[in-house]
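What follows is the residue order along each chain.
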Amino acid sequence: MIAEVICIGTEILLGDIVNTNGAFIARELAALGIDMYHQSVVGDNPQRLKESLTLALSRADVVLTTGGLGPTYDDLTKKTVADYFGVGLQMHEPSVKKIKTLFTNLNKPMTANNLLQAQVPAGSTVFFNDTGFAPGIAVEQSGKIVIMMPGPPSEMRPMFINHISPYLQRKTGGMIHSKSLHIFGMGESQVEDTLHELMTTLTNPTVAPYAKQGEVQVRISAKAQSEQEALLLIDPVAEQVRQILGSVVYGVDVGGMQNALVQTLSEKKLIAAAAESCTGGLVSAAITDVPGASAVFAGGVCTYTNALKTKLLGVSEHTLATVGAVSDETAQQMAQGVRTLTGADIGVGVTGIAGPGGGSDEKPVGLVYVAVSSDAHSEVKKLMLSRGHKDERESIRNLAKLNALFMILTAARKA
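Residues numbered from 1 in each chain as written. Predicted model: local features only at pLDDT ≥ 70, side-chain atom pairs only at ≥ 80, totals over all residues. Heavy atoms only, no water.

Student: Please provide a residue-by-residue account of the overall build of the protein chain, values included.
Tutor: The helix and strand tally for the protein chain stands at 15 helices and 17 strands. The C-alpha extent of the protein chain, read off along each of the three principal axes, is 80 × 55 × 40 Å. For the protein chain, with 415 residues in total, the buried portion stands at 47%. For the protein chain, contacts bridging at least 24 residues in sequence account for 67% of all contacts bridging at least 6. About 19600 Å² of surface is accessible on the protein chain, with carbon and sulfur atoms providing 51% of the total. Side chains of the protein chain carry 34 positive and 39 negative charges; the gap between the two charge centres is 4 Å. (Helix = DSSP H or I, 4+ residues; strand = E, 2+ residues; numbered from the N terminus. Buried < 20%, exposed > 50% of the residue type's maximum accessible area, 1.4 Å probe, protein only. Contact = heavy atoms within 4.5 Å. Areas by Shrake-Rupley, 256 points an atom, 1.4 Å probe, with all protein chains shown as cover. Lys, Arg positive; Asp, Glu negative; His and termini not counted. Charge placed at Lys NZ, Arg CZ, Asp CG, Glu CD.)

Put into structure tokens, the structure is as follows:
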């Protein structure tokens, strides 16, 4: 089965909102084993939408649209699709009831145009909207399917997962399941070179690396009739990849490094703390983004000035005067100091030059020291994070954050 996605909305074309729907649907279709070769964005114009729909249906079996299902004059998706298939619109009574009930519960007057959201093409399959008003709709005719979903991600995503995905799975009779191995400390080209034989010889499952900023994911995907069958194909290969790559694999399907870190700290019953200079709180923010972090994270301090490094963390004035704030000694003392300050089991210290100014021949922009301190494992790393590009500040700070998280994770696993 070949699918195509059309995201509808002038606000997307103008760049007023970021089109996250396309990426989400692409991932979900891949998981279902459905091929997709094209995506497009079209504004709120019925003629251009009709042209896009006609082109998409000429080369795809199923077209999925997002947006244009609301109550205003420019929400024209349903009418355009209904006209294309030569069917009329009719009221979907369960959706009518839901809309009226919600307005009653909110004690707000309901304008008549709200009921436009309950209109559906005749003979269509309707998918209930669990988080909004407009239902999802599938129209099927002559071997072609158009699936219409609301635009807001908070409505579209649960609808796809709960309703659209099962509908499509019944059509395909199979599925693709994947596992992602998360890698830090080895670049994409090196990962690909190391796994080249697996990548070129395996067909089911397949092995493919994907680069993210600062890290790499290796996705292992298998096509089967069920998730259980797919896992029987995936798991031995995943273990083989872990054996080949070694300690740079920090987790499987963990979502991100901070998730792996919070999980490990929780399992080990350890507390971490962060002392940051050039990252300005990014390490602390990443950890506390994870639910449950309050049980494993004592807190963080952002000490940009030398005076605060000394006052809060006990960094030696002699160290600051002789080797400076950006040094391995300062990073180590920051890591040790935040442990003392908070009583944490593991402390991390980050200090560096994120730029664009402040660098020198001796200490260039991108020089960062990260230190970790614990009873079981302490180390300091000198990192050169500049890649010689303009406007690198955000990249340097993000890479410093990832290194700090990885070093805490390493220390936790050795505890």
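Student: Describe helix 5 (residues 93-106), listing the residues and the values that go with them.
Tutor: For helix 5, which comprises 14 residues, the first-to-last C-alpha distance of 20 Å matches the rise-based estimate of 20 Å (1.5 Å per residue) to within 8%. Turning to helix 5, the residues buried within the fold contact strand 4 (89-91). Phi turns positive one or two residues past the end of helix 5, at Asn107, with a value near 60°. (Expected span 1.5 Å × (residues − 1).)

Student: Could you give an account of the sheet that holds strand 12 (residues 249-252), with specific residues and numbers?
Tutor: Taken in spatial order, the four strands make up an open sheet running 10-11-9-12, and their pairing is antiparallel. With partners counted over all chains shown, the strands left at the sheet margins are strand 10 (206-212) and strand 12, one partner each. When strand polarity is set aside, the average angle formed by the axes of neighbouring strands in this sheet is 25°. Note that strand 10 and strand 11 (residues 215-224) share seven bridges and pair antiparallel. Following the sheet pairing, Ala208 is matched in strand 11 by Arg219. (Pairing = 2+ DSSP bridges. Axes fitted to C-alpha atoms, helices over the stretch in contact; angles between N-to-C directions.)

Student: Go over the pairing of strand 17 (residues 379-384), please, and point to the residues and values.
Tutor: Consecutive side chains along a regular strand alternate between the two faces of the sheet. The pairing of strand 16 (residues 367-374) with strand 17 spans six bridges and is classified as antiparallel. Its bridge partner lying in strand 17, Ala371 is registered against Val380. The loop that links strand 16 with its antiparallel partner strand 17 comprises four residues.

Student: Lay out the sheet that holds strand 15 (residues 346-352) in plain terms, naming residues and giving numbers.
Tutor: Read from one edge to the other, the open sheet built from five strands follows the order 14-13-15-16-17, with strand pairing classed as mixed. The outermost strands of the open sheet, each flanked by one partner alone, are strand 14 (297-302) and strand 17. Neighbour to neighbour, the strand axes of the sheet diverge by 10° on average, direction disregarded. Taken strand by strand, helix 15 (residues 393-414) contacts strand 13 (272-276), strand 15, strand 16 and strand 17, and its axis lies near 20° from that of strand 16.

Student: Any chance you could break down the packing of aromatic side chains for me, citing the residues and the numbers?
Tutor: Pairs of aromatic rings are described using the distance from one ring centre to the other and the angle between the two planes. This structure, assessed with the given rule, holds five aromatic pairs. Ring geometry for Phe184 versus Phe406: centroids 5.0 Å apart, planes at 45°, classification tilted. One end of the pair, Phe184, is in the loop between strand 9 (175-183) and helix 7 (188-194); the other, Phe406, is in helix 15, and 222 residues separate them in sequence. Directly above the ring of Tyr210 sits Arg219, whose terminal nitrogen or CZ lies 4.6 Å from the centroid. (Phe/Tyr/Trp six-rings, centres within 6.5 Å; stacked < 30°, edge-to-face > 60°. Lys NZ or Arg CZ within 6 Å of the ring centre and 35° of its normal.)

Student: How would you sum up the nonpolar core? Please name residues and give values.
Tutor: Core analysis: the biggest nonpolar cluster contains 40 residues, and Val283, Ile287, Ile346 and Val368 have the highest contact counts within it. Mapped by element, the contributors of at least two residues to this core are helix 10 (257-268), strand 13, helix 11 (282-288), strand 15, strand 16 and helix 15. With residues up to four places along the chain from it excluded, the contact list for Val368 reads Cys278, Val350, Thr351, Gly352, Lys381, Lys382, Leu383, Leu385, Ile396 and Ala400. By size, the runner-up hydrophobic cluster in this structure holds 22 residues, among which are Ile12, Ala138, Ile147 and Met149. (Core = buried A, V, L, I, M, F, W, Y, C linked by side-chain atoms within 4.5 Å.)

Student: Outline the packing of helix 10 against helix 15, listing residues and values.
Tutor: One can describe the packing of helix 10 onto helix 15 by two numbers: an axis separation of 9 Å at closest approach and a directional angle of 25°. With respect to each other, helix 10 and helix 15 are oriented roughly parallel. Between helix 10 and helix 15 lies a crossing of left-handed hand. Seen from helix 10, the contacting residues are Met257, Gln258, Ala260, Leu261, Thr264, Leu265 and Lys268; seen from helix 15, they are Leu402, Leu405, Phe406, Ile408, Leu409, Ala412, Arg413 and Lys414. (Parallel < 35°, antiparallel > 145°, perpendicular 65-115°, else oblique. Left-handed = near helix turned anticlockwise from the far one by under 90°.)

Student: Residue-level account of the environment of Thr351, with values.
Tutor: In this fold, Thr351 is placed in strand 15. The class of Thr351 is buried, set by a relative accessible area of 0%. For the pair formed by Thr351 and Ala208, sequence separation is 143 residues and the distance between their alpha carbons is 35 Å. Setting aside residues no more than four positions away along its own chain, Thr351 makes contact with Ser277, Cys278, Lys309, Ala325, Val326, Ser327, Ala331, Met334, Leu367, Val368 and Tyr369.

Student: I'd like to hear about the side chain of His182, residue by residue, with values.
Tutor: Position of His182 relative to the elements: it lies in strand 9. Relative accessible area serves as the criterion here: at 3%, His182 is assigned to the buried category. A distance of 3.3 Å separates a polar side-chain atom of His182 from the backbone nitrogen of Val254. In this structure, His182 is in contact with Glu215, Val216, Gln217, Val248, Val249, Tyr250, Gly251, Val252, Asp253, Val254, Gly255 and Gly256, ignoring residues within four places of it in sequence. (Polar contact = N/O pair within 3.5 Å; in protein donor to acceptor, adjacent residues only side chain to side chain.)

Student: Requested: an account of the pairing of strand 14, with residues and values cited.
Tutor: In this sheet, strand 14 lies alongside strand 13 in parallel orientation, the contact comprising five bridges. Bridge pairing links Ala274 to Gly300 in strand 14. Running through helix 11, the crossover from strand 13 to the neighbouring parallel element strand 14 is right-handed. (Right-handed = clockwise from strand over helix to strand, strands pointing away.)

Student: Give me the lowdown on a nonpolar patch on the surface, citing residues and values where you can.
Tutor: On the surface, Leu308, Leu312 and Leu341 cluster together to form a nonpolar patch covering roughly 220 Å² of accessible area. Positionally, Leu308 belongs in helix 12 (residues 306-313). (Patch = residues over 30% accessible without salt bridge, like charges linked within 9 Å, V, L, I, M, F, W, Y side chains within 5 Å. Salt bridge = Lys/Arg side-chain N within 4 Å of Asp/Glu carboxyl O.)

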